[in-house]
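A structural walkthrough
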Amino acid sequence: MQQRTYTTWGTHGSHCQLKFVDFKANENHISHETQGLSKQHLVVRRGKPFKLTLLFRTWSLNPSTERLVLDVSLGHLSESFPVKFSDERSDPKSWSAKVYPGDIQPHSVTIHICSPVQSAVALYNLVVHIETIQNRRSYAVGTFVLLCNPWLKDDPVYMPVDAQIEEYVKSDYGLVFMGTHLNVRRRPWSFGQYEPGVLEACLTLLQVSPQHLRNKDNDFSLRADPVYLSRVICAMVNCNDDLGILEGKWQGSYKDGIKPTEWSGSADILHQWVSSNYSPVRYGQCWVFASVLCTVMRVLGIPSRVVTVFNAAHDGDGNLNIEECYSSTGEKLNLNNNDSIWNFHVWVECWMRRPDLGAGFDGWQVVDPTPQEKSAGKFCCGPCPVAAIQRHCLRAPYDTSFVYASVDADVIRMIVRNGLVVERKVDTECVGQLICTKSIGSDSPENLTQTYKSKNTEVTCVGSSLQSTRLVNGTARCQVIGEAGGMSPGLEVSLRIDGVPSVGKSIVMCVTVRNQSSRPRVLLEHLNAQLKEYNSNPQESFWKAHNEVHIQPDEVLLLHHTILPSEYESVLAANDIVNMAVVIKDVRTKERALAMQEFNLRSLDITIEIKGGDSIQIKTEHKAQVFFINKLSKTLNGVVLTVEGSGLLQGKQEARMISLQPDEKIEKTVSIMATSPGTKLLMATLSHSNSANMVSRSFHKVSVITA
């Protein structure tokens, strides 16, 4: 990268005149681990020297009569510092510039510039002054981008293990885990930090934040702190308070935007936001918000990973309890309150020190950009130390009590009859049952549950004045209360879903009833299946069963049930979840017991194969074969196979068949070509008229390399 001088000040009698500046972009980008982030700017990391070469019109600088002074500026903030022609040690807390022996050539001089490790993340202006006793000539030579430096020990985002930096900063490919803890689905995501314009979009995000628009100099001065950065960016990923990137939507029509499930990468979202003059991109849900936030943080050099919490609680009233009500026949009722449990919720963990709290709270911090509750008047959440959640230090900033409830609230399930609670069960294990992220270097999930949850019965916040709060015992607390208010004499019920339910196959379940009393019982069994989305209460029931059951003292009964495909296909969509509940009632005592499970269906598989392997060369055409074989026992009608891929394909390509017999194949061969390096995703979608809602979707990772 060479930038010619374009502005000069001062008299023209200087002995030395600058011709142009070589920013040594390729060499600096390799040294600073910023290759591919930008073709427009020099991109370097704070606290690490970078070099540039000044080339002069006639002869080089004479250090005995001429002096070099550099100016770096952000808005109205600037700092001047001399270029030193010596090896003397510089103050790491200040800007410095050096010329080493051998760096002065007949027509050039190479300067090594180093920023303080606590420098703001921003786009800087650089001015070079050439001074003599008589005059001064100044050259505005260009700009450079300064990012956080996770390789540098003194940087608050320092990460000591290279494999972690590779995964959490440099990798542009990730996985989002979705579904339910019983059937975890993997959804690939392209973070896209090496796509053209993405770094510039991330810097623009900071420039249009309310903090910057309100007070530019104050914002620049605070941008050295990753805690501050994460709160600004978190609020800017949603558009609820500002010129943010994404608008959220969880129900209704998505025709005036893009359905959240259609996104597969961050670059398209960021490009659309910039090109629309910062109008919000429609639409996002939790995994889209989180994945875009992860992209921005990785671009800025803050190690980040996308994390999924299965059975995540939204504790709107802050009492650490989530109430759920069921009818006496097992139908889950909608409560008009602020409490809910999402089958999964996705947020981001960012790695940073917390000098405001002490070393015990360094490390991973929860940052959640999905707009749920306000934090200090803004729709953002975090950074909240994961260590504070595990140690129950709920006063630790930021938003720890809300995040703690998301992973460890109690669920109080009640059976309601004629407006009265007739049974009540406290479940301490359901919320946060599984917390996971993509493993380093592989697509398998890494279980993070125990990093959030303490097995101990007593915890103190060592080294902090923050108070700890109550603990939940490690075992589930359950009680069943009869209508008379007495404790149950011993009726246990559990519900198990057999295998992994799959589209087009029967759903098989087993109810286990244990009679721990000394008398026989006559029981009524009520089963109820309801459709729901991952973040909402169930809709009306689509399947019910009622049976009379006789059980002897100390007997254990296994009651098997089956829901046929024909009984759910007309109502169940591909991403929907089933709430299955059973209520067992003792006919004589009126005692009732409740058990429930929520599960999703595994979708039909679509195969994607790249001819010659999954690594392709940039700007070279390759063939991809996409096909689906009907493994169902029935014919599918009106079948459409759609293939698309941002950065690989222009638009969508389709194959259609009027009917697809069992074991018959539909296929589509497409030509793909990438114009930029990095990780891309091919996405294939299958729909058919038998069930308009049952759409299958598959992804395939493609690595694009330079020749």
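All figures in this text were calculated on a predicted structure; none of them were measured in a lab.

Quick word on the overall build of the protein chain
Scanning the protein chain from terminus to terminus reveals 11 helices and 41 strands. On the principal axes, the C-alpha backbone points of the protein chain span a range of 110 × 65 × 40 Å. Taken across its 707 residues, the protein chain has 57% of its residues classed as buried. Partitioning the intrachain contacts of the protein chain with sequence separation of at least 6 by distance along the chain shows that 67% fall at a separation of at least 24. If you average the places of the 71 positive and of the 72 negative side-chain charges in the protein chain, the two averages end up 3 Å apart.

Things to note about the pattern of salt bridges
Overall, the coordinates contain 28 salt bridges when judged by the stated rule. Residue Arg-519 is joined to Asp-586 by a salt bridge in which the shortest nitrogen-to-oxygen separation is 3.1 Å. With a gap of 67 residues between them, Arg-519 in the loop between strand S28 (507–515) and strand S29 (521–532) and Asp-586 in strand S32 (residues 577–586) connect regions that are remote in the sequence. Of the charged contacts in the structure, one is a salt bridge between Lys-634 and Glu-569, with a shortest N-O distance of 2.5 Å.

So, unusual backbone geometry
Across the junction of Arg-282 and Tyr-283, the peptide omega takes the value 5°, indicating a cis bond. Tracing the chain through its elements places Tyr-283 in strand S16 (residues 281–284). Residue Gly-382 is joined to Pro-383 through a cis peptide bond whose omega torsion reads 5°. Residue Glu-33 is not a glycine yet carries a positive backbone phi of 55°. The class of Glu-33 is partly exposed, set by a relative accessible area of 26%. One non-glycine residue, Asn-311, adopts positive backbone phi at about 60°.

Brief notes about the pairing of S16
Pairing between strand S15 (residues 246–248) and S16: three bridges, direction parallel. From the neighbouring strand, Leu-246 faces S16, where its bridge partner is Val-281.

Points about the environment of Val-511
Along the chain, Val-511 falls in strand S28. Spatially, the C-alpha atoms of Val-511 and Ser-494 are 5.8 Å apart, while their sequence positions differ by 17 residues. Not counting chain neighbours up to four residues away, the residues in contact with Val-511 comprise Val-493, Ser-494, Leu-495, Glu-525, Leu-527, Leu-557, Leu-558, Leu-559, His-561 and Val-582.

Thoughts on the state of the cysteines
Following the criterion strictly, the structure yields zero disulfides and no others. With no disulfide of its own, Cys-148 lies closest to Cys-350 among cysteine sulfurs, the gap being 11 Å. Under the relative-accessibility criterion, Cys-148 is labelled buried at 0%. Distance from the sulfur of Cys-234, which forms no disulfide, to the nearest cysteine sulfur (Cys-380) is 5.0 Å. Look at Cys-234 and you get buried, because its relative accessible area is 0%.

Here's the deal with the nonpolar core
Ranked by size, the top nonpolar core spans 68 residues in total, and within it Ile-233, Leu-246, Ile-269, Trp-287 and Leu-300 carry the most contacts. Per element, the largest residue contribution to this core is 11 residues, and it comes from helix H8 (residues 286–299). In this structure, Ile-269 is in contact with Trp-189, Ile-245, Leu-246, Trp-263, Val-281, Val-288 and Val-292, ignoring residues within four places of it in sequence. Ranked by size, the runner-up nonpolar core spans 59 residues in total, among them Leu-559, Ile-584, Leu-604 and Ala-624.

Observations regarding the sheet that holds strand S33 (residues 592–600)
Two modes of strand pairing occur in sheets, parallel and antiparallel, and in both the strands are linked by backbone hydrogen bonds. Strand order in the open sheet formed by four strands is S30-S29-S32-S33, with antiparallel pairing between adjacent strands. Looking at which strands have only one partner, the edges of the open sheet turn out to be strand S30 (541–551) and S33. On average, adjacent strands in this sheet sit at an angle of 15° to one another, irrespective of strand direction.

Considering the packing of aromatic side chains
On inspection of all chains with the given rule, the structure shows 15 aromatic pairs. Between Trp-273 and Tyr-278, the aromatic rings sit 5.0 Å apart at their centres with planes inclined by 50°, giving tilted as the arrangement. With a relative accessible area of 24%, Tyr-278 lands in the partly exposed category. Each ring, one from Trp-342 and one from Tyr-534, has its centre 5.7 Å from the other, and the planes form 90°; the classification is edge-to-face. In this pair, Trp-342 is assigned in strand S20 (residues 340–352) and Tyr-534 in the loop between S29 and S30, connecting sequence segments 192 residues apart.

Notes on H8
Its 14 residues give H8 an end-to-end C-alpha distance of 20 Å, which sits within 8% of 20 Å, the value for a rise of 1.5 Å per residue. Counting buried residues along H8, 14 of its 14 residues qualify, which places the element largely inside the surrounding structure. After H8 finishes, the residue Gly-301 shows a positive phi value of roughly 95°.

Some details on the pairing of S20
Of all 13 residues in S20, 12 are buried, a share of seventy percent or more. In terms of strand pairing, strand S17 (residues 304–314) meets S20 through 10 bridges, oriented antiparallel. Of the residues in S20, the one forming a bridge with Ser-304 is Cys-350. One ladder, built from five bridges, connects S20 with strand S21 (residues 363–367); its direction is antiparallel. Among the inter-strand pairings, Glu-349 is bridged to a residue of S21, identified as Val-366.

A word on the sheet that holds strand S24 (residues 420–427)
The mixed open sheet is built from four strands, whose spatial order is S19-S18-S23-S24. Single-partner strands in this sheet number two, and they are strand S19 (332–333) and S24. The pairing of strand S23 (residues 410–417) with S24 spans seven bridges and is antiparallel. Pairing of Ile-412 across the sheet is with Val-426, part of S24.

Here's the deal with the packing of helix H3 (residues 198–207) against helix H7 (residues 267–275)
Following both chains from N to C, one finds H3 and H7 inclined at 55°, their axes separated by 10 Å at the closest point. Relative to H7, the element H3 is oriented oblique. In this structure, H3 crosses over H7, and the sense of that crossing is left-handed. Of the residues in H7, those touching H3 at Val-198, Ala-201, Cys-202, Thr-204 and Leu-205 are Ala-267, Leu-270, His-271, Trp-273 and Val-274. Class assignment for the residues of the contact of H3 with H7 results in eight nonpolar, two polar and no charged.

Points about the packing of H3 against H8
A pair of packed helices is characterised by two quantities: the angle between their axes and the separation of those axes. Where H3 contacts H8, the axes come no closer than 10 Å and their chain directions differ by 95°. Viewed along their axes, H3 and H8 adopt a mutual orientation that is roughly perpendicular. Across the interface between the two elements, Val-198, Leu-199, Cys-202 and Leu-205 from H3 touch Thr-295, Val-296 and Val-299 from H8. Residues that form the contact of H3 with H8 fall into these classes: six nonpolar, one polar and no charged.

Some words on the confidence of the model for the protein chain
Averaged over all residues, the pLDDT of the protein chain is 90; the fraction at 70 or higher stands at 93%. Below a pLDDT of 50 lies the segment residues 1–14, which in the model reaches 47 contacts outside its immediate sequence neighbourhood of four places, other chains included.

Structural notes on the environment of Leu-205
Along the chain, the position of Leu-205 falls in helix H3. For Leu-205 and Ile-233, which are 28 residues apart along the polypeptide, the C-alpha to C-alpha distance reads 7.5 Å. Those residues in contact with Leu-205, other than ones at most four positions away along the chain, are Ile-233, Met-236, Ile-245, Trp-273 and Val-296.

About the thresholds
- Residues numbered from 1 in each chain as written.
- Predicted model: local features only at pLDDT ≥ 70, side-chain atom pairs only at ≥ 80, totals over all residues.
- Heavy atoms only, no water.
- Helix = DSSP H or I, 4+ residues; strand = E, 2+ residues; numbered from the N terminus.
- Buried < 20%, exposed > 50% of the residue type's maximum accessible area, 1.4 Å probe, protein only.
- Contact = heavy atoms within 4.5 Å.
- Lys, Arg positive; Asp, Glu negative; His and termini not counted.
- Charge placed at Lys NZ, Arg CZ, Asp CG, Glu CD.
- Salt bridge = Lys/Arg side-chain N within 4 Å of Asp/Glu carboxyl O.
- Pairing = 2+ DSSP bridges.
- Disulfide = S-S within 2.5 Å.
- Core = buried A, V, L, I, M, F, W, Y, C linked by side-chain atoms within 4.5 Å.
- Axes fitted to C-alpha atoms, helices over the stretch in contact; angles between N-to-C directions.
- Phe/Tyr/Trp six-rings, centres within 6.5 Å; stacked < 30°, edge-to-face > 60°.
- Expected span 1.5 Å × (residues − 1).
- Parallel < 35°, antiparallel > 145°, perpendicular 65-115°, else oblique.
- Left-handed = near helix turned anticlockwise from the far one by under 90°.
- Nonpolar A, V, L, I, M, F, W, Y, C, P; charged D, E, K, R; others polar.
- pLDDT = per-residue confidence, 0-100.

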